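# Report on the structure
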Protein chains: 2
Amino acid sequence: MLPTPPIALLMTGDELMRGDTVDSNSATIAQALVAAGLRVDYKITVGDDRALLLNSIGDRVSVSRILIINGGLGPTSDDLTAEVVAEAAGRQLVEFPELADTIRNWCEERGFQADTANLKQARLPEGAEVIANPVGSAAGFAVMIGACLVITTPGPPRELGAMLPGVMALVRQHVGGGSGSTLRLQTFGLGESAIQEMVHNDIADWPPEVTLGFRAGLPMLELKLVIETPEHEALQRRCLEEMHALFGDHIIGEADVTLAASLQTLLRERNMTITCAESCTGGLIASMLTQEPGASSVFEAGFVTYSNAMKHKLLGVSESTLEKHGAVSEPVVREMLGGALSASGADTGVAVSGIAGPDGGTPDKPVGTVWFAWGGPNAIKSKRLLLPLGRDIFQTVVAAAAIDLIRRDLLGLPDVPHYFRRRDPQ
Amino acid sequence: MLPTPPIALLMTGDELMRGDTVDSNSATIAQALVAAGLRVDYKITVGDDRALLLNSIGDRVSVSRILIINGGLGPTSDDLTAEVVAEAAGRQLVEFPELADTIRNWCEERGFQADTANLKQARLPEGAEVIANPVGSAAGFAVMIGACLVITTPGPPRELGAMLPGVMALVRQHVGGGSGSTLRLQTFGLGESAIQEMVHNDIADWPPEVTLGFRAGLPMLELKLVIETPEHEALQRRCLEEMHALFGDHIIGEADVTLAASLQTLLRERNMTITCAESCTGGLIASMLTQEPGASSVFEAGFVTYSNAMKHKLLGVSESTLEKHGAVSEPVVREMLGGALSASGADTGVAVSGIAGPDGGTPDKPVGTVWFAWGGPNAIKSKRLLLPLGRDIFQTVVAAAAIDLIRRDLLGLPDVPHYFRRRDPQ
C-alpha cells in the first residue's frame, strides 16, 4: 500500500454513546475514502459535550491532514459542531445570508416558518466553505485549522449520503490523491476464508497492486478489488478474470446486484415466469423475489404451505406421501413443486421443506435439514442440505439458496457447487 | 443525571477503518453499561496498528476508570491486543496452561489440532484475570493499568454477547455503580417526535428521575425508561402506567417482543389460526409471522397472489371486480381475504393490495396507496392508507401494519389509531 495522508473522523452524538444508534455513517465515509485510495487512520466518538469536542478537535488537527466531523449540525442546543469548530479555528460564528434564505425556503415548502432554532443552522464560522445539503436543512461546511482541513457533515444517513460527493471533492482537492478505484462483486455460497484459500492456492501470481477486500452481508458476500491508481486497471481486470475462472458460478454480478434481481433479469431474458412453494421459509423466497422492482413481469403467485393439510389441499401433495415420508422429504418437495407449477402455470419454480428449529428435529432429520426441489414441469431436480444455522439465518440462507438454484439451472451451471459439496450430509 | 465514572471504549480492526464492517459491538457494550446506570464517555477506533493501539491505551488509562477494548484477540499476527496491553501494563506475556487446554479441546472438538496460532490465544499478560468465552476459542481478560481496569473482549458479536455478563460483573465490581435499571417497551405506529410531544403535553409531572430514551427500529420503535437507582422504581412504574393510559394501544410489549410474537400469543390463547393473502407485500407478512418459532400452531397457509389472474384463480376474486375496481381496491382485498379464509379454513386473516413502486402509480392511486382487509369470515373490515415510503420501507410497514390490525382486532382495540388518522388520505 502507498502511504496515505492521515485522515481522522470525529463522530458526535449522545445517542452513539448510549448505544441507541449503531453508527453506520463512519463506515459510509470510510468506504468513500477507500474507493478513492484513501483511508481513515483514527476515529474518535464522543457525546454532545463541548469540552470533549474541543479537545478532540485540538488533538486531531495537529496530526491529521483531514478531519471529518459527523453529527451535531441540527437546530437544537445539543448541536454544538458549528460553534466548537469556530472556537477551535479562532473564528466568529456569522450568519450566511444565502444559507438563511435556503433554510427559510426549506421550511416554507414544508408548511412552517423558520424560527431561531432553524436559522441557527445558517450560522457558520466566518469564511467557511459551505457544502450544500440537497435533502435537508443543515448544510455542512469546511474550514482550515492549521494545516488540517476540517469538514463537517450531518448525522442523518440520507443527508450524509447526499452530501458525500461534495465532501469527497473537497478531500481530493486538499490531499490530491483519489485516483484509485474499486471493483465490487456480489457472490453467494462461498465464505471469506474459502475464497482467500482458493485465491491463495490457485492464483499463483496475484499482483500486490490489487488489494482483495471483503464485506460480509447475509446472504451475499461482497468482494472488492481495490487499486490505487488507474495504471493498475489492467491488473484489476486480470484478477477479475482469474476469479471468474476459479469460482465464477458463485459470482452473482457487479456493484449492488442481488440474487433476486439477477434471477429476474435471467427470467425476463427468457420470457419465463417463476413460482415457489414454501414450508420452512414461510414466504421469505416470495418476499425476496418481490422486494426487487419489476417482479410482476416474472412472478405471479407463491404458496406458503406450512401445515401438511395445506400441502395436500393447496398443492395436491398426496396424503400417503406425507404419511410415509414426512413433510421434510424428497417426494414431498417434488410434489409441492409439481402442484405449484400446475396451479400457477409458471415455467419454473422452487419448493422447500425443512426444519428451521429450534424444535422439531429428530436424530434422523436434525434441525437444519432441508429438502429443495427446483426446475420446470418436466425437469424437477431435488437435493437435501444440512444447514444448522439457527432459525433466522437458516431461513435467509435457504431462501437465497433456493433462488440461486434456479439461477444456476437457467444458466446451465453445476447445481452441486462448492457449498453443496461441503454441506451434503450424505 | 448522577455523575458516572469515566469509561472508555477502544475498538480495533482494519475492517472498521475501511468501513467493511459496521461496528455494532460498541452499541452492544454501551447498552449494557446504560442498563447498569453507567455510560461510555469516550470511544477511540483504530486499525491493527501497534503504535496507535499503544498510544490510545496510554491516553485513556490515565483519565478513565475503565477501558474496554474490543477486537484483536484472534489467532493471527494482526491480532495485537494481548501484546499491546501487556506492554502498556509493563507485564510479560505468559501462557495460561488452563486456557491452552481449553483451546486444545475446542480445536479437537472441531476436528483439528491446535497449532501455534491457536495457542497464541492462551498467552496473556502475567497475572491477568481470564474472562471465559463460552462460544469461541479467544478468551477475554482484565488487568489493572494504574487506576484503570482494562478489559479485553473478542470482535465476533456472538462471542462478545456471550461474554458480556462476565464483563459487566467485573465493571460493577470495579466502579461499584450499576444499580440503575432500564424498562424497555416495543411500540408500533408512533414516531419518536409524536411520542415526545404526547408525553410533553399530556404527562404534566414527568419525574426527572426517569429518563425517556428511544431506539429506532423498523418497523418497531423501542422506548426506554431508565432510572439510576432502585429507589426510583415506583416512579418508573408510574411513568409506564401513564404511557399505557396515553397510547397503550401502540405498546406491543416489553423487552424484545415482536409484532408477530405478540400476535402468535394472542392467537394461541384464543385457539385460533390465521392466514394472509398478499399482493404488494409479496410474502413478507407470512415471512414475518413464521420468523418466530412456534408459528405452526397458528399459521397453516399463506397466499402470494401477485397477478390479477392468480387473485382470481387461487382466491376466487371475481374477474368483474378486478376489471371494474382494479387490483388495488376495497372490493378486491375483501374478496382476497374471503378466498384465503375459505381455502385455508383459518379463523382470521389479512389481505393487502397496494402500489409499492417505483412504477405503477396513477394520479388516482399514487405509489404508496394500499388497501387492507382483515378479520374473520363474517366480520371483514377494510381500510385504505397512503404510505409513500419507498419500496423497501413500504413493504415492511405495510406487513407490520397488517399484523397490527389483527392484533388490534383480537384485543378489541380501536382500528383507527393515531397513525391511521394521520395517514388517512380521505
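Note that the coordinates shown come from a computational prediction; the quantities given were computed from them, not determined experimentally.

## What to know about the overall build of chain A
Scanning chain A for helices and strands turns up 16 helices and 17 strands. Overall, chain A is about 85 × 60 × 45 Å in size when its C-alpha atoms are taken along their principal axes. Buried positions account for 55% of the 426 residues belonging to chain A. Taking all contacts inside chain A whose residues are at least 6 apart in sequence as the whole, residues at least 24 apart take part in 68%. With an accessible surface of roughly 17300 Å², chain A has 51% of that area assigned to carbon and sulfur atoms.

## A word on the nonpolar core
Counting 62 residues, the largest nonpolar core has Ile 57, Leu 67 and Val 150 of chain A together with Ile 57, Leu 67 and Val 150 of chain B as its most contacted members. Beyond its immediate sequence surroundings of up to four residues, Ile 57 of chain A is in contact with Leu 10, Leu 67, Ile 69, Val 84, Val 85, Ala 88 and Ile 145 of chain A.

## Concerning the environment of Leu 170 of chain A
Along the chain, Leu 170 of chain A turns up in helix α7 (residues 157-175). Looking at Leu 170 of chain A, the relative accessible area reads 7%, which means it is buried.

## Observations regarding a nonpolar patch on the surface
All names here are of chain A. Taken together, the side chains of Leu 218, Leu 389 and Ile 393 make up a nonpolar region of the molecular surface, amounting to roughly 230 Å² of accessible area. You can see Ile 393 is positioned in helix α15 (residues 391-411). Classification of Ile 393 as partly exposed rests on a relative accessible area of 36%.

## A word on the interface of chain A and chain B
With 59 residues of chain A in contact, the opposing surface of chain B contributes 59 residues. Between chain A and chain B we count four salt bridges in total. For Asp 14 of chain A, the salt bridge identified is with Arg 39 of chain B, shortest N-O distance 3.2 Å. Inspection of the chain A/chain B interface yields 30 residue pairs in polar contact (both at pLDDT 80 or more). The greatest single-element share of the side of chain A that touches chain B, amounting to seven residues, is contributed by strand β14 (residues 299-305) of chain A. In terms of residue class, the side of chain A that touches chain B is made up of 25 nonpolar, 19 polar and 15 charged. Looking at chain direction, strand β2 (residues 42-46) of chain A and strand β2 (residues 42-46) of chain B are connected through three bridges and run antiparallel. Note on β2 of chain B: the bridge partner recorded for Thr 45 of chain A is Lys 43 of chain B.

## Let's talk about helix α5 (residues 97-109) of chain B
Residues and elements named next belong to chain B. Between its terminal C-alpha atoms α5 stretches 18 Å, which fits the 18 Å expected from 13 residues at 1.5 Å a residue. Its buried side turned inward, α5 meets β4 (93-95), α6 (116-120), β5 (123-125) and β6 (129-131). Looking one or two residues past α5, Gly 111 carries a phi angle of roughly 85°, positive in sign.

## A look at the packing of aromatic side chains
A full pass over the atoms with the stated rule returns two aromatic pairs over all chains. Ring centres 5.7 Å apart and planes at 65° place the aromatic pair Phe 299 of chain A and Tyr 306 of chain B in the edge-to-face group. In this pair, Phe 299 of chain A sits in strand β14 while Tyr 306 of chain B sits in the loop between β14 (299-305) and α12 (308-315), so the two residues belong to two different chains. Of the two residues, Phe 299 of chain A and Tyr 306 of chain B, neither departs from the other in class, the shared state being buried. We note Arg 60 of chain A situated over the ring of Tyr 42 of chain A; from NZ or CZ to the ring centre the distance is 3.4 Å.

## Observations concerning the pattern of salt bridges
Should their charged atoms come close, side chains of opposite charge can pair. Counted by the stated rule, this structure contains 30 salt bridges over all chains. Where Asp 249 of chain A meets Arg 408 of chain A, a salt bridge forms, and the shortest distance between an N and an O atom there is 2.7 Å. Within this pair, whereas Asp 249 of chain A is found in the loop between α9 (233-247) and β12 (251-254), its partner Arg 408 of chain A is found in helix α15, the two being separated by 159 residues in sequence. Summarising the burial analysis for this pair, Asp 249 of chain A and Arg 408 of chain A share the class buried. A salt bridge links Arg 238 of chain B to Glu 242 of chain B, with the nearest nitrogen and oxygen atoms 3.2 Å apart.

## What about helix α5 (residues 97-109) of chain A?
Residue and element names in this part refer to chain A. Every buried residue belonging to α5 is among Leu 99, Ala 100, Ile 103 and Cys 107, and all of these are buried. For α5, the buried positions fall inside an angular range of 100° around the axis, keeping them on one side. α5 presents Pro 97, Glu 98, Glu 108 and Glu 109 as exposed residues on the side facing more than 90 degrees away from its buried surface. As for α5, its buried residues are in contact with β4 (93-95), α6 (116-120), β5 (123-125) and β6 (129-131).

## Quick look at the UniProt feature "domain: MoaB/Mog" (unreviewed entry) in chain A
Under the local residue numbering, the UniProt record ascribes the feature "domain: MoaB/Mog" (unreviewed entry) to residues 8-175 of chain A. Structurally, residues 8-175 of chain A comprises 43% helix and 21% strand, and the distance from its first C-alpha atom to its last is 13 Å.

## Some remarks on the domain arrangement of chain A
Once the domains are mapped, chain A shows domain 1 (7-175), domain 2 (181-254) and domain 3 (259-423). Measuring from the centre of the C-alpha atoms in domain 1 of chain A to the corresponding centre in domain 2 of chain A gives 34 Å.

## Topic: the pairing of strand β3 (residues 66-70) of chain A
All names here are of chain A. For β3, the tally of buried residues reaches five of five residues, placing the bulk of the element in the interior. Burial of the side chains of β3 extends over both faces: Ile 66, Ile 68 and Asn 70 are buried on one face and Leu 67 and Ile 69 on the other. In terms of strand pairing, strand β1 (residues 7-12) meets β3 through five bridges, oriented parallel. Counterpart to Leu 9 in the pairing with β3 is Ile 68. Here β3 runs beside strand β8 (residues 148-153); their pairing, made up of five bridges, is parallel. Across the sheet, the residue bridging to Ile 68 is Ile 151, located in β8.

## As for the sheet that holds strand β11 (residues 221-227) of chain B
All names here are of chain B. With antiparallel pairing, four strands are arranged side by side in an open sheet as β10-β11-β9-β12. Either end of the sheet is taken by a strand with one partner, and the two such strands are β10 (211-216) and β12 (251-254). Across the sheet, the mean angle separating the axes of adjacent strands is 25° when strand polarity is ignored. Looking at chain direction, β10 and β11 are connected through six bridges and run antiparallel.

## Thoughts on the side chain of Gln 395 of chain B
Positionally, Gln 395 of chain B belongs in helix α15 (residues 391-411). A distance of 3.1 Å separates the side chain of Gln 395 of chain B from the backbone oxygen of Thr 290 of chain A, its partner in a polar contact. Dropping the residues within four chain positions of it, Gln 395 of chain B is found in contact with Thr 290 and Gln 291 of chain A together with Cys 280, Thr 281, Leu 284 and Ala 356 of chain B.

## Remarks on the packing of helix α12 (residues 308-315) of chain A against helix α14 (residues 330-344) of chain B
Two elements in contact, α12 of chain A and α14 of chain B, have axes separated by 10 Å at closest approach and are oriented at 115°. When α12 of chain A is examined against α14 of chain B, the residues Met 310, Lys 313 and Leu 314 of chain A are found in contact with a partner set consisting of Ser 342, Ala 343 and Ser 344 of chain B. Residues belonging to the contact of α12 of chain A with α14 of chain B are distributed by class as follows: three nonpolar, two polar and one charged.

## What to know about the relation of the copies chain A and chain B
Superposing chain A onto chain B requires a rotation of 180° together with a translation of 0.3 Å along the rotation axis, leaving an RMSD of 0.4 Å. Taken together, the turn and the small shift mark the pair as related by a two-fold rotation axis. Here 100% of the contact residues of chain A are again contact residues in chain B; the copies associate through an equivalent surface.

## A word on the sheet that holds β1 of chain A
One key point about sheets: their strands pair by backbone hydrogen bonds, in either a parallel or an antiparallel sense. What the twelve strands build is an open sheet, ordered β6(A)-β7(A)-β8(A)-β3(A)-β1(A)-β2(A)-β2(B)-β1(B)-β3(B)-β8(B)-β7(B)-β6(B); its pairing is mixed. Every other strand in the sheet has two partners, leaving β6 of chain A together with β6 of chain B as the edge strands with one partner each. The sheet shows a mean angle of 20° between the axes of neighbouring strands, direction not considered. Across the sheet, helix α2 (residues 25-35) of chain B lies against β1 (7-12), β2 and β3 (66-70) of chain B, angled at about 160° from β1 of chain B, the strand it touches most.

## What about the environment of Thr 369 of chain A?
Residues and elements named next belong to chain A. Along the chain, Thr 369 turns up in strand β16 (residues 369-375). By relative accessible area, which is 4% here, Thr 369 ends up buried. In this structure, the C-alpha to C-alpha distance between Thr 369 and Leu 16, residues 353 residues apart in sequence, is 40 Å. Contacts of Thr 369, omitting those with residues within four sequence positions, involve Val 328, Ser 353, Gly 354, Ile 355, Arg 384, Leu 385, Leu 386 and Phe 394. In terms of polar contacts, Thr 369 uses its side chain to reach the backbone carbonyl oxygen of Pro 366, at 2.7 Å.

What counts, and where the lines are drawn
Residues numbered from 1 in each chain as written. Chains lettered and ligands numbered in written order. Predicted model: local features only at pLDDT ≥ 70, side-chain atom pairs only at ≥ 80, totals over all residues. Heavy atoms only, no water. Helix = DSSP H or I, 4+ residues; strand = E, 2+ residues; numbered from the N terminus. Buried < 20%, exposed > 50% of the residue type's maximum accessible area, 1.4 Å probe, protein only. Contact = heavy atoms within 4.5 Å. Areas by Shrake-Rupley, 256 points an atom, 1.4 Å probe, with all protein chains shown as cover. Core = buried A, V, L, I, M, F, W, Y, C linked by side-chain atoms within 4.5 Å. Patch = residues over 30% accessible without salt bridge, like charges linked within 9 Å, V, L, I, M, F, W, Y side chains within 5 Å. Salt bridge = Lys/Arg side-chain N within 4 Å of Asp/Glu carboxyl O. Polar contact = N/O pair within 3.5 Å; in protein donor to acceptor, adjacent residues only side chain to side chain. Nonpolar A, V, L, I, M, F, W, Y, C, P; charged D, E, K, R; others polar. Pairing = 2+ DSSP bridges. Expected span 1.5 Å × (residues − 1). Phe/Tyr/Trp six-rings, centres within 6.5 Å; stacked < 30°, edge-to-face > 60°. Lys NZ or Arg CZ within 6 Å of the ring centre and 35° of its normal. Arc of directions from axis to C-beta. UniProt positions renumbered as here; feature names shortened; annotations may be inferred. Domains from an automatic or database assignment. Axes fitted to C-alpha atoms, helices over the stretch in contact; angles between N-to-C directions. Least-squares fit on C-alpha atoms with pLDDT ≥ 70 in both.

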